[in-house]
Amino acid sequence: MPFILTVVFLYLAFRNVNFSETLHLISNISVLYLALFLIVFMLSHYIRALRWKYILNSVKEDSSTLNLFGATMIGYGVNSVVPRLGELYRAMFLGRWEGISRTSIFGTVIVERVVDILSLLISVLISVMIFPGNLYEQLPWLESAIIIAAVLILSIILFIILLIKLKQKFYNKILKFAGKISHTLAEKLANIFTTLIDGFASLKGTKNYFMTILLTIIMMVTYGYNSFLGFYLLEMNELQTVTYGMAWILMTISAFGIIIPTPGGTGSYHLIVISVLVSIFGFNKEISSAYALVTHLISYLVFISSTLFFVYFINKKRERKGEVSENFLSVFKKRET
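Residues numbered from 1 in each chain as written. Predicted model: local features only at pLDDT ≥ 70, side-chain atom pairs only at ≥ 80, totals over all residues. Heavy atoms only, no water.

### Quick look at the overall build of the protein
Counting secondary structure elements, the protein contains 14 helices and zero strands. If you list the helices and strands of the protein from N to C, you get α-α-α-α-α-α-α-α-α-α-α-α-α-α. Counting all 337 residues of the protein, 49% fall into the buried class. For the protein, restricting intrachain contacts to residue pairs at least 6 apart in sequence, the fraction spanning at least 24 positions comes to 71%. (Helix = DSSP H or I, 4+ residues; strand = E, 2+ residues; numbered from the N terminus. Buried < 20%, exposed > 50% of the residue type's maximum accessible area, 1.4 Å probe, protein only. Contact = heavy atoms within 4.5 Å.)

### Observations concerning a nonpolar patch on the surface
A cluster of nonpolar side chains, Met 1, Ile 4, Val 8, Tyr 11 and Leu 12, forms an exposed patch at the surface whose accessible area comes to about 530 Å². Within the element layout of this structure, Ile 4 appears in helix α1 (residues 2-14). (Patch = residues over 30% accessible without salt bridge, like charges linked within 9 Å, V, L, I, M, F, W, Y side chains within 5 Å. Areas by Shrake-Rupley, 256 points an atom, 1.4 Å probe, with all protein chains shown as cover. Salt bridge = Lys/Arg side-chain N within 4 Å of Asp/Glu carboxyl O.)

### Remarks on the nonpolar core
Core analysis: the largest hydrophobic core is formed by 79 residues, its most contacted members being Leu 135, Leu 142, Phe 231, Ile 253, Leu 277, Phe 281 and Tyr 291. The element best represented in this core is helix α14 (residues 285-320), accounting for eleven residues. Each residue touching Phe 281, except ones within four places of it in the same chain, is listed here: Phe 131, Gln 240, Met 246, Ile 249 and Val 276. (Core = buried A, V, L, I, M, F, W, Y, C linked by side-chain atoms within 4.5 Å.)

### A closer look at the side chain of Asn 315
Note that Asn 315 resides in helix α14. For Asn 315, a relative accessible area of 8% translates into the label buried. Polar side-chain contacts of Asn 315 include one of 2.9 Å to the backbone oxygen of Val 311. When near neighbours in sequence (up to four residues on either side) are disregarded, Asn 315 contacts Trp 97, Phe 310, Ser 325 and Glu 326. (Polar contact = N/O pair within 3.5 Å; in protein donor to acceptor, adjacent residues only side chain to side chain.)

### Quick word on the environment of Ser 127
By the secondary structure assignment, Ser 127 is in helix α6 (residues 102-130). Spatially, the C-alpha atoms of Ser 127 and Gly 245 are 7.9 Å apart, while their sequence positions differ by 118 residues. If we ignore the near neighbours within four places in the chain, the residues touching Ser 127 are Leu 135, Trp 248, Ile 249 and Thr 252. A polar contact of 3.4 Å, which involves the side chain of Ser 127, links it to the side chain of Trp 248.

What follows is the structure in structure tokens.
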């Protein structure tokens, strides 16, 4: 299904595009801005890894930033091939590299994604406020997407409150009800609840809350700057005035293309980026297509190459210490005790 969606989105994104013109524009990208784009791109994900460190702090204080960064990039690399599987792999690799239980790691990944959804929702609302016109009229689907995201966030927050404040009572009632349907279902729910409770409990302490919020803000600002550099990468600034506000709006709206479960956001990202650049900012389809293709290709290649690099580099480092190396199969195997 994800691959069918990819084909459909790619067709919708690039129909009626003059590819020879688009490829010509791509061939003339600025080498200087390409270097800057790559630096800021890697920095944004390094900041994400640092944020994960603070979310994980109460589980393990001395988590290696290298391992966190490596696991983060592995997650993106795997997602570039199989949607959502990267979340599983980054948790598995970090768990093995840091000697942390899978339950605790998965819980922190869930917490991180809750923070991501909330920060995206706030970022999109900022886009609505800074856009000089009516963004909802320009993108009719946006208001519905915001409402769905808000309902999802409120539901998750309510669930967290029930799970933490009424932990045992809430836990027992649901498991008792599930047990009447299936013992297997009850066991699976018990594991899920344990994972969630461990994850939600991982983010505690004033410093960890503050740093998580601060790093989230810095990360979003850096993402926006990355989008801004994309304009200069293709010399779009020579066609019309470009601003950071434009980049912020493009970044926040295009994030919905990454959320859609296609490999690495392929197709869905392109369609939304081209739509925003053409219909909202008035660029032609060829330069908009070039922007979507170049920025996505850079991220795709960086994620795949980073995945291979970090698996190799961190394993070599572990081997020198006499520790066990890990691969994409071994992380799922139970270790002998």
